Amino acid sequence: MFLTRRFFKCIIALIVLIAFGFWVEIFYLLGILGLVLFVCLALFEIAMLYRGSKKSLQCERICEERFSNGDDNPVEVRLTNNFGFDIDVEVIDECPAIFQMRDFSLFCKVPKGKTGKVQYTLKPTMRGEYKFGNINALVSSKIRLVSRRFVFKNPCSVKVYPSFVMLHKYALLSTKNFTQEFGLKQVRRIGQSMEFEHIRDYVKGDDFRHINWKAGARRNHLMVNVYQEEQSQCIYNVIDKGRAMRKAFDGMTLLNYAVNASLFLGYASLKKSDKAGLVTFERSIDTFVPASKNAGQIGVFQDVLYKQKSSFYESDYEALFGQLSKLVRRRSLLVIYTDFDNKQSLRRQLPYLKTLAKKHVVLVVFFEDKELKNIASKRPKAASDYFEQVIAEKFMSDKRSIQMELNRHGIYALLTPPKDLSVNVLNKYLELKSRAVI
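The shown structure was predicted, so the numbers you read here are calculated from the model rather than taken from an experiment.

(A) Seen up close, the nonpolar core. By size, the foremost hydrophobic cluster in this structure holds 41 residues, and its most contacted members are Leu333 and Tyr337. When residues of this core are traced back to their parent elements, those giving at least two are strand E14 (234-240), helix H5 (254-271), strand E17 (275-281), helix H6 (297-305), strand E19 (332-337), strand E20 (361-367) and helix H11 (421-434). Among the elements that take part in this core, H5 stands out by supplying 12 residues, more than any other. Filtering out sequence-adjacent residues up to four positions away, Tyr337 remains in contact with Asn237, Val238, Ile239, Asp240, Met245, Ala258, Ala261, Ser262, Leu265, Val365, Leu421 and Val425. Of all hydrophobic cores here, the second largest spans 32 residues; its members include Met48, Ile87, Phe99 and Val160.

(B) Region of interest: the sheet that holds E17. Across the sheet, which stays open at both edges, the six strands sit in the order E18-E17-E14-E19-E20-E21 with mixed pairing between neighbours. The two strands at the open ends of the sheet, each matched to only one other strand, are strand E18 (285-292) and strand E21 (412-416). Averaged over all adjacent pairs, the angle separating strand axes in this sheet is 15 degrees, with direction ignored. Two strands pair when backbone bridges link them, and E19 and E20 are joined in this way by five bridges, in the parallel orientation. Paired with Ile336 across the bridge in E20 is Val364. Lying over the sheet, helix H7 (residues 317-327) contacts E14, E17, E18 and E19, oriented at roughly 35 degrees with respect to E18. In this fold helix H10 (residues 383-408) packs onto E20 and E21, with an angle of close to 160 degrees to the strand it touches most, E21.

(C) A look at helix H8 (residues 343-359). Taking 1.5 Å of rise per residue, 17 residues should cover 24 Å, and H8 covers 24 Å from first to last C-alpha, within 8% of that figure. Along H8, the helix axis deviates most sharply at Gln349, where the bend reaches about 45 degrees; the proline Pro351 sits within four residues downstream. The set of residues buried in H8 consists of Ser345, Leu346, Gln349, Leu350, Leu353 and Leu356. Lining the buried residues of H8 we find H7, E19, E20 and H10. At the N-terminal end of H8, a side-chain oxygen is found 3.2 Å from the backbone nitrogen of Gln344, two or three residues along, and the residue is Asn342.

(D) Spotlight on the sheet that holds strand E9 (residues 135-140). Taken in spatial order, the five strands of this open sheet run E1-E10-E9-E5-E6, and their pairing is antiparallel. Each of the sheet's edge strands pairs with one partner strand only, and the pair in question is strand E1 (2-3) and strand E6 (106-110). Here two bridges tie E1 to strand E10 (residues 146-152), and the two strands are oriented antiparallel to one another. Paired with Phe2 across the two strands is Ser147, which belongs to E10. Packing of helix H2 (residues 25-51) onto the sheet brings it into contact with E9 and E10, and relative to E10 it is tilted by some 20 degrees.

Calculation notes
Residues numbered from 1 in each chain as written. Predicted model: local features only at pLDDT ≥ 70, side-chain atom pairs only at ≥ 80, totals over all residues. Heavy atoms only, no water. Core = buried A, V, L, I, M, F, W, Y, C linked by side-chain atoms within 4.5 Å. Buried < 20%, exposed > 50% of the residue type's maximum accessible area, 1.4 Å probe, protein only. Helix = DSSP H or I, 4+ residues; strand = E, 2+ residues; numbered from the N terminus. Contact = heavy atoms within 4.5 Å. Pairing = 2+ DSSP bridges. Axes fitted to C-alpha atoms, helices over the stretch in contact; angles between N-to-C directions. Expected span 1.5 Å × (residues − 1). Bend = angle between axes of the 7 residues up to and from the residue. Polar contact = N/O pair within 3.5 Å; in protein donor to acceptor, adjacent residues only side chain to side chain.

See the structure below:
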């Protein structure tokens, strides 16, 4: 049995009323009558609540077997009232310890013989397996002086996968051809590949080099050849799991952002009839998923990516180059997710990136710190603000210099805020494809 807040409020009110009775006798009499009435109501409520059996309340937790990392995932608790009266229920669900929800409770009114429900959302920022505990329910009648505790042993585990909510959103938008609403650029396909598709009438703006003079002579008007994008190209997401990817923005590490973007780009490349592959590495390659355009490839990505973790070691690009040379023979697009703190960290890895770029198309994706951008744009008010602003601008300048250095050596570079990573990577992929780079 538990005492409610109303119980203690009533006790305090009765104490004050009886205390005033030392000066005014009527208050003392009212206090004594109130105390008798209070005790009778409390005993009556206890009898109502404990007269029922353990099956007077039934409860179950309903949630998906998989959670989407970085997104709101709904959890529902259903309560069935088998008491002979309406009840008020305080639900305390034992959420996974990683959320640190120590004072979490929900309230619900359930009429007799009916089923009520309460909902809440969880937003994980780390992948892995999360475990729920029991469900605790504190039941009171409309009197609400005491409550009876019910404990429902309902432990379960859910696996937190890379963000498939964003994946489904892109799938829906792509079927409706509304990709511009998602932040994707409309890139005009200029048809410079040599895969012939069909012949059609010439319209203003078509490339003169594609005019088919023989077909035009037969039809007495200009005709042009239409070429389609080259398909079945290999697109590999290469994820660095070293210490550079342990930095966190908005509660998620850079590794988690990279994992979500890899799943997103893998899905998009399959929709474009390309082959999607996956590589994760640290001191050596520890995960390799060969490029394929099978329908189940995204499921393979999810099963592999949900358990990836970063470490405190510096990544070994020499080992990456040596192993990739054996594993990936065909010319491919390698999208490498990493981060460089300064020019010195780039210089250590640049020789291996240059060697990879001789055989493959290499796109290096690294991250921009928006906090530094805010500091640099803020108007200084004190001397310390000037120092902070200069340091922030120095770090931002280094990032831009790294991007230019990569481009100078024939390596494509994308500097992006973490929260815009998925969309910006997809836009870059579409741009490279439209320019027939891959």
